[in-house]
Amino acid sequence: MRRLFALFVCVLFTACASPLPLQDGRLNPPTGQGMVLLSLTGQANYLMGASLSLDITGPAPQQLTTRLGSDMIQAPGSEENPAGKLFALTLPAGEYRTSQVRGSFVVVGVHSGEARYVTLPLNTDFRVVAGQVVYLGNVNVALNFASTLRLSNTAARDFYDLKQRDGVTDTRNILIEPLRIAQ
């Protein structure tokens, strides 16, 4: 009975996970939509209690969440696998904004742990164009008492993860346009 239940749960989760739209090894957004790739990573002294979420506003609002204690991006070669997640979003065309990143982490004491929460404004704009795939880079947050946010282009690492997890073998159609904080 337990094996039957476990098999049912595996089939259910497999059915719920929608594969990326691929054609000949390339990401291929559905008609009238575009795709956005963005990685969200972070560091904390105690990863098991740490999480990050990034809010996106626009025609199809999104909240991207990663649990730093269990999510990991696969990096090539001897490069360290960072805690976080690579997101591939299929979105309707339009103007979008990454408004903020929220994080939570645990400060471990002698006898217990205490949860801490941070909100870091981001306020960067991007455009989704029908038929296009755009890579927005990496949002990295160091969770601590003086939490910081950094944007960077980690396309080589993130495209490696896409290939390993999702079978994307051709990334030539992906525009690389990393987010930038307005000066």
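Conventions used here
Residues numbered from 1 in each chain as written. Predicted model: local features only at pLDDT ≥ 70, side-chain atom pairs only at ≥ 80, totals over all residues. Heavy atoms only, no water. Helix = DSSP H or I, 4+ residues; strand = E, 2+ residues; numbered from the N terminus. Buried < 20%, exposed > 50% of the residue type's maximum accessible area, 1.4 Å probe, protein only. Contact = heavy atoms within 4.5 Å. Areas by Shrake-Rupley, 256 points an atom, 1.4 Å probe, with all protein chains shown as cover. Phe/Tyr/Trp six-rings, centres within 6.5 Å; stacked < 30°, edge-to-face > 60°. Pairing = 2+ DSSP bridges. Core = buried A, V, L, I, M, F, W, Y, C linked by side-chain atoms within 4.5 Å. Patch = residues over 30% accessible without salt bridge, like charges linked within 9 Å, V, L, I, M, F, W, Y side chains within 5 Å. Salt bridge = Lys/Arg side-chain N within 4 Å of Asp/Glu carboxyl O. pLDDT = per-residue confidence, 0-100.

Trainee: So what's going on with the overall build of the protein? Residues and values would help.
Mentor: Check the secondary structure of the protein and you find 2 helices and 11 strands. Reading the helices (α) and strands (β) of the protein from amino to carboxyl end gives α-β-β-β-β-β-β-β-β-β-β-α-β. Buried positions account for 40% of the 183 residues belonging to the protein. Across the protein, every contact between residues at least 6 apart in sequence was considered, and the portion connecting residues at least 24 apart equals 68%. Carbon together with sulfur atoms contributes 53% to the accessible area of the protein, which is approximately 10700 Å² in total.

Trainee: So what's going on with the packing of aromatic side chains? Which residues, and what values?
Mentor: Taken as a whole and judged by the stated rule, the model has 3 aromatic pairs. Between Y96 and F126 the ring centres are 5.5 Å apart and the planes differ by 10 degrees, which places this aromatic pair in the stacked class. Remark: F126 occurs in strand β8 (residues 113-128) and Y96 occurs in strand β7 (residues 94-108); sequence separation between them is 30 residues. For the pair formed by Y96 and F126, the shared burial category is buried. Look at F105 and F145: their rings are 6.3 Å apart centre to centre, the planes differ by 80 degrees, and that puts the pair in the edge-to-face class. Highlighted residues: F105 in strand β7 and F145 in the loop between β9 (133-142) and β10 (148-152), separated in sequence by 40 residues. A residue is classified by how much of its surface remains accessible, and F105, at 6% relative accessible area, is buried.

Trainee: Explain the pairing of strand β5 (residues 62-67) residue by residue, including any values.
Mentor: As judged from the 6 bridges shared by strand β4 (residues 51-57) and β5, these two strands associate in the antiparallel manner. What sits directly across from S51, in β5, is R67.

Trainee: Pulling in residues and values, what's your account of the nonpolar core?
Mentor: Taken as a class, soluble globular proteins show a tendency for nonpolar side chains to be buried jointly. In this structure, L54, V101, F126, V139 and L143 are the most contacted members of the largest nonpolar core, which totals 30 residues. Of all elements in the fold, only β3 (33-43), β4, β6 (84-92), β7, β8 and β9 reach the threshold of two or more residues within this core. Contact partners of V139, with chain neighbours within four places excluded, come to L38, S39, L40, T41, L54, V101, L122, L149, R150, L151 and L179.

Trainee: Give me a nonpolar patch on the surface: which residues, what numbers.
Mentor: Side chains of Y46, M48 and V108 sit close together on the surface and give an oily, nonpolar patch of about 330 Å² of accessible area. Y46 gets classed as partly exposed once you look at its relative accessible area, which sits at 40%.

Trainee: I'd like a rundown of the confidence of the model for the protein, residues and numbers included.
Mentor: Model confidence for the protein is summarised by a mean pLDDT of 89, while 89% of its residues fall at 70 or above. Between residues 1-16, whose pLDDT stays under 50, and residues either more than four places distant or in other chains, the model counts 0 contacts.

Trainee: Could you give an account of the pattern of salt bridges, with specific residues and numbers?
Mentor: Inspection of every chain in the model, using the stated rule, returns 9 salt bridges. Residue D158 pairs with R157 through a salt bridge whose shortest N-O separation is 3.0 Å. The pair formed by D158 and R157 is uniform in burial state, with each residue classed as buried. One salt bridge in this structure joins D161 and R165, with 2.7 Å as the shortest N-O distance. In this pair, D161 and R165 are both assigned in helix α2 (residues 155-166), 4 residues apart and thus about one turn of the helix distant. Bridged by salt links that share partners, the residues R26, D170 and R172 form one connected network.

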